[in-house]
There are 2 protein chains.
Amino acid sequence: MKTTIKDIAQITGVSITTVSQILNNKGQRFSEDTRQRVLKAVKDHDYNPDYFAQNLIKRESKTIGMIVPDVTDLFFSKVIEGVEAYLTKKDYMILLCNSNHSHEMEKSYIKQLLNRSVAGIILASPNSLELETSLQSSPYLLIDRGLNTRAEGNLLVKEYEGSYESVQYLVNNGHKSIGMLTNELGYYEMSERYEAYRQCLTDNQISFQSEWIEDGPVTIEGGYEAAKRLLKRTKVTALCCGNDQMAIGTYRAAYELGLTIPDDLSVIGFDDLEISSYLNPPLTTVAQPAFEIGYTAATYLFQSIKNPGVKIPNKTFETEFIVRGSTQPVDK
Amino acid sequence: MKTTIKDIAQITGVSITTVSQILNNKGQRFSEDTRQRVLKAVKDHDYNPDYFAQNLIKRESKTIGMIVPDVTDLFFSKVIEGVEAYLTKKDYMILLCNSNHSHEMEKSYIKQLLNRSVAGIILASPNSLELETSLQSSPYLLIDRGLNTRAEGNLLVKEYEGSYESVQYLVNNGHKSIGMLTNELGYYEMSERYEAYRQCLTDNQISFQSEWIEDGPVTIEGGYEAAKRLLKRTKVTALCCGNDQMAIGTYRAAYELGLTIPDDLSVIGFDDLEISSYLNPPLTTVAQPAFEIGYTAATYLFQSIKNPGVKIPNKTFETEFIVRGSTQPVDK
DNA sequence: CTGAAAGCGCTTACAG
DNA sequence: CTGAAAGCGCTTACAG
């Protein structure tokens, strides 16, 4: 049997009101003597107010829900780490949901989370969403990555600018046939990167060839398969990969096709995962601050929980183009 | 205002008892008419029983806690994925805790989790633990990776056998100077792998040199630093890395020191992360079933929650030695 | 300085 | 077939 407040009251010989007030630092001053006696009993019996009973009244679940498309994705796990790092300091815990990139799952998770009276939700989804309706009243929502219909609580990254910069870099280095690996599902950030790529080609009078594009899942294997199809089919001197994981797959595809990076093929990723600088050759990529995105998301959400009226700010994160060994001038 | 059971009762014109019983499929049969009316009202108003009020009575939080040393670790995120995959089917959710390899954090998380009346806890910790006391009474515990003092609920991997096999393979291929990268913290599984390495050398009459060993954090960077120190200091023809991440770091270290894998140095990892087969060269490694470990952990824990009396089984997972391109005979 | 009472939103004997 | 009442373990006016 768990000890309850009643037990403590009985042991100490005071009322449960007194115990409760002392524990919550409420009410008028109690005699130091009773205070001590209560506190001692609490300690001796390792008493903790029941979470559910307490919440029935206080409505402070100190829990937030977080939904990610894939926990094993290196980008998202870094975001989770950031969220956790902030929230744990505030004594909040996070209910983690893995949506497997499924929009249906996301909706179902949101419902479950809401039922559990979470104080807020962080939804990391590249899907464009019409979730507003279900989320409107209750807790606060914060989206990372992805275009949204709402005016607040959007955490975005300069996908377009980051991607544009990387393509321009290739062009500046003499590349004229530049491929791109995108994803099959039309994710927001992938579209942005793709649009930037197209625009950059246009701006540089390079006429786009449809066979320069290939899509697949945004995973290592997805990148491998997509790159293999693309490289077998056509000759490009450089390949912009949707993200670093796809770039890793590309390394393998290139290797199998007898292409050396960067001599025969320049490769650029997006994300700057920890692993990317350790690849052979180290990957040229567009860095985005995954941990910071998570940390900021948590910070904003927390503030919003504490100040229900106030709007959640938006924030757009900068990217940083990092040149490493996987790219080189085309004529070298 | 959230709709409560009272609202539904009022709207339908029945008692709250009736609403509750219908919703829980309890009590004697109600007239089909009232059933329908209640169900409709519930639907119309999107009524959901309050999680806290319900739990105050039912004590079924349908939540488990999971503590991992590092969410961004590729092995653990795979384990998490396995846990989540099983639990989500059971309508359970998981409170994720990132202990950052800290024993103190683990203890603090366990306490918090217990306060929240989780139905069980999955602790993925390489630390040896004296947590039994705090966990004894309340929920069920399940440990993955790590030696423990308790007789049930241990999920282990054949670390020793897996490691031994890999070292023996090197010996069989003519390697006589074989280094090893371990971790600094004395993790259980790392000790096992190390012990197997030592024993295998002994069994093959290879006299161990202390400079063949180097330790560091079990991360990419940790492996990089450790390998660099080791390879600078001494000449080995093969290096067994504590895990795949360390092996990835080793690739970089070898590259920077002008060593070609596998020509100058054979490298073996442990884990078989998805990424490992995509490395250049593909990594020879000892595979362990991370997803399955997580899935099994969740299964056992769930069963134990449902059958409180019954002991949680132990399970030891097999490893599989996978030869890829990072190793070759020494005389080739 | 302290306690009896009401109430949070439910479920579950129990009675009719 | 249905409802009034007690109770889960707390907190919080309110009264003294």
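Residues numbered from 1 in each chain as written. Chains lettered and ligands numbered in written order. Predicted model: local features only at pLDDT ≥ 70, side-chain atom pairs only at ≥ 80, totals over all residues. Heavy atoms only, no water.

### A short note on the packing of helix H1 (residues 5–12) of chain A against helix H3 (residues 32–44) of chain A
Residues and elements named next belong to chain A.
Working step 1: With their axes 9 Å apart at the nearest point, H1 and H3 run at an angle of 130 degrees to one another. Judged by the angle between their axes, H1 and H3 are oblique. For H1 against H3, the interelement crossing comes out right-handed. Contacts between H1 and H3 involve Ile8, Ile11 and Thr12 on the former and, on the latter, Arg37, Val38, Ala41 and Val42.
Working step 2: Residues belonging to the contact of H1 with H3 are distributed by class as follows: five nonpolar, one polar and one charged. (Axes fitted to C-alpha atoms, helices over the stretch in contact; angles between N-to-C directions. Helix = DSSP H or I, 4+ residues; strand = E, 2+ residues; numbered from the N terminus. Parallel < 35°, antiparallel > 145°, perpendicular 65-115°, else oblique. Left-handed = near helix turned anticlockwise from the far one by under 90°. Contact = heavy atoms within 4.5 Å. Nonpolar A, V, L, I, M, F, W, Y, C, P; charged D, E, K, R; others polar.)

### Considering the sheet that holds strand S8 (residues 238–241) of chain A
All names here are of chain A.
Working step 1: Strand order in the open sheet formed by four strands is S7-S6-S8-S9, and the pairing between neighbours is parallel. If you trace the sheet from one side to the other, it starts and ends with strand S7 (213–216) and strand S9 (266–268), each paired once. Pairs of neighbouring strands in the sheet enclose a mean axial angle of 20 degrees, with direction left out of account.
Working step 2: Of the strand pairs in this sheet, S8 and S9 are connected by three bridges, and their pairing is parallel. (Pairing = 2+ DSSP bridges.)

### A few points about the packing of aromatic side chains
Working step 1: Under the defined criterion, the tally for this structure stands at 27 aromatic pairs over all chains.
Working step 2: Summarising the aromatic geometry, the rings of B:Phe75 and B:Phe76 are spaced 5.3 Å apart at their centres and angled 75 degrees between planes, so their arrangement reads as edge-to-face. An identical accessibility class is assigned to B:Phe75 and B:Phe76; each is buried.
Working step 3: Linked through ring pairs, A:Tyr86, A:Tyr92, A:Phe291, A:Tyr295 and A:Phe302 together constitute an aromatic cluster. (Phe/Tyr/Trp six-rings, centres within 6.5 Å; stacked < 30°, edge-to-face > 60°. Buried < 20%, exposed > 50% of the residue type's maximum accessible area, 1.4 Å probe, protein only.)

### A word on the pairing of strand S1 (residues 63–68) of chain B
Residues and elements named next belong to chain B.
Working step 1: Counting buried positions along S1 yields six of six residues, so the element is predominantly enclosed.
Working step 2: Side-chain alternation along S1 places Thr63, Gly65 and Ile67 on one buried face and Ile64, Met66 and Val68 on a second face that is also buried.
Working step 3: Pairing of S1 with strand S2 (residues 93–98), which is carried by six bridges, proceeds in the parallel orientation. Opposite Val68, over in S2, you have Asn98 as the bridge partner.
Working step 4: Chirality of the crossover, the property in question, places the unit of S1, helix H5 (residues 74–89) and S2 among those that are right-handed.
Working step 5: Relative to strand S3 (residues 120–124), S1 is paired through four bridges, and the arrangement is parallel. Across the sheet, the residue bridging to Ile64 is Gly120, located in S3. (Right-handed = clockwise from strand over helix to strand, strands pointing away.)

### Digging into the side chain of B:Asp50
Working step 1: Structurally, B:Asp50 is set in the loop between helix H3 (32–44) and helix H4 (51–58).
Working step 2: At 3.2 Å, the side chain of B:Asp50 and the side chain of B:Lys2 are in polar contact.
Working step 3: If we ignore the near neighbours within four places in the chain, the residues touching B:Asp50 are A:Leu56, A:Arg59, A:Ser117 and B:Lys2. (Polar contact = N/O pair within 3.5 Å; in protein donor to acceptor, adjacent residues only side chain to side chain.)

### Some thoughts on the state of the cysteines
Residue and element names in this part refer to chain A.
Working step 1: Taken as a whole, this structure holds zero disulfides over all chains when the rule is applied.
Working step 2: Looking at Cys241, it has no disulfide partner, and the nearest cysteine sulfur is the one in Cys240, 7.4 Å off.
Working step 3: We classify Cys241 as buried; its relative accessible area is 4%. (Disulfide = S-S within 2.5 Å.)

### Thoughts on a nonpolar patch on the surface
Working step 1: Nonpolar side chains collect at one region of the surface, where A:Leu56, A:Ile57, B:Leu56 and B:Ile57 lie side by side and expose about 410 Å² of accessible area between them.
Working step 2: Those elements that place two or more of their residues in the nonpolar patch are helix H4 (51–58) of chain A together with H4 of chain B.
Working step 3: Structurally, the position occupied by A:Leu56 is in helix H4. (Patch = residues over 30% accessible without salt bridge, like charges linked within 9 Å, V, L, I, M, F, W, Y side chains within 5 Å. Areas by Shrake-Rupley, 256 points an atom, 1.4 Å probe, with all protein chains shown as cover. Salt bridge = Lys/Arg side-chain N within 4 Å of Asp/Glu carboxyl O.)

### Let's talk about the relation of the copies chain A and chain B
Working step 1: Here chain A sits on chain B after a turn of 180 degrees about the axis and a move of 0.0 Å along it, with an RMSD of 0.0 Å. Given the turn and translation reported, the copies of this chain are related as if by a two-fold rotation axis.
Working step 2: An overlap of 98% is found between the interface residues of chain A and their copies at the interface of chain B, pointing to a shared contact surface. (Least-squares fit on C-alpha atoms with pLDDT ≥ 70 in both.)

### Some words on helix H9 (residues 188–203) of chain B
Residue and element names in this part refer to chain B.
Working step 1: When the terminal C-alpha atoms of H9 are compared, their 22 Å separation across 16 residues agrees well with the 22 Å that a helix rising 1.5 Å per residue should span.
Working step 2: Listing the buried residues of H9 in full gives Tyr188, Glu189, Met190, Arg193, Ala196, Tyr197, Cys200 and Leu201.
Working step 3: Buried residues along H9 sit against strand S5 (154–157), helix H8 (159–172), strand S6 (178–183) and strand S7 (213–216).
Working step 4: Just past H9, the residue Gln205 takes up positive phi, approximately 55 degrees. (Expected span 1.5 Å × (residues − 1).)

### With respect to the environment of B:Lys6
Working step 1: Residue placement: B:Lys6 occurs in helix H1 (residues 5–12).
Working step 2: In this structure the C-alpha to C-alpha distance between B:Lys6 and B:Arg116, which are 110 residues apart in sequence, comes to 27 Å.

### Observations regarding the pattern of salt bridges
Working step 1: Considering all chains together, one arrives at 29 salt bridges over all chains under this definition.
Working step 2: Across the salt bridge formed by B:Lys107 and B:Glu104, the nearest N and O atoms sit 4.0 Å from each other. Here B:Lys107 and its partner B:Glu104 are both found in helix H6 (residues 103–115), three residues apart, which amounts to about one turn of the helix.
Working step 3: Residues B:Arg233 and B:Glu214 are paired through a salt bridge, measuring 2.6 Å at the closest nitrogen-oxygen approach. You can see B:Arg233 sitting in helix H10 (residues 220–233) and its partner B:Glu214 sitting in strand S7, a full 19 residues away along the chain.
Working step 4: A relative accessible area of 43% places B:Arg233 in the partly exposed class.
Working step 5: The network of salt bridges with common partners includes A:Lys2, A:Asp50 and B:Arg59.

### Looking at the environment of B:Leu257
All names here are of chain B.
Working step 1: Of note, Leu257 is situated in the loop between helix H11 (244–256) and strand S9 (266–268).
Working step 2: As a C-alpha pair, Leu257 and Phe75 span 182 residues in sequence and 28 Å in three-dimensional space.
Working step 3: Apart from the residues within four sequence positions on either side, Leu257 is in contact with Lys228, Leu231 and Lys232.

### So, unusual backbone geometry
Working step 1: B:Ile261 connects to B:Pro262 through a cis peptide bond whose omega is 5 degrees.
Working step 2: Of note, the amide linkage connecting B:Asn280 to B:Pro281 takes the cis form, showing an omega dihedral of -5 degrees.
Working step 3: Residue placement: B:Pro281 occurs in the loop between S9 and strand S10 (285–287).
Working step 4: For A:Asp91, which is not glycine, the phi dihedral falls at a positive 65 degrees.

### Considerations on H11(B)
Residues spaced three or four apart along an α-helix point in a common direction, a consequence of the helix completing one turn every 3.6 residues.
All names here are of chain B.
Working step 1: For H11, which comprises 13 residues, the first-to-last C-alpha distance of 19 Å matches the rise-based estimate of 18 Å (1.5 Å per residue) to within 8%.
Working step 2: The buried count for H11 comes to eleven of 13 residues, which makes it a mostly enclosed element.
Working step 3: Buried within H11 are the following residues: Asp244, Gln245, Met246, Ala247, Ile248, Gly249, Thr250, Tyr251, Arg252, Ala253 and Ala254.
Working step 4: Backbone nitrogen of Gln245 and a side-chain oxygen of the N-cap are separated by 3.2 Å at the start of H11; the cap is Asn243.
Working step 5: Looking one or two residues past H11, Gly258 carries a phi angle of roughly 75 degrees, positive in sign.

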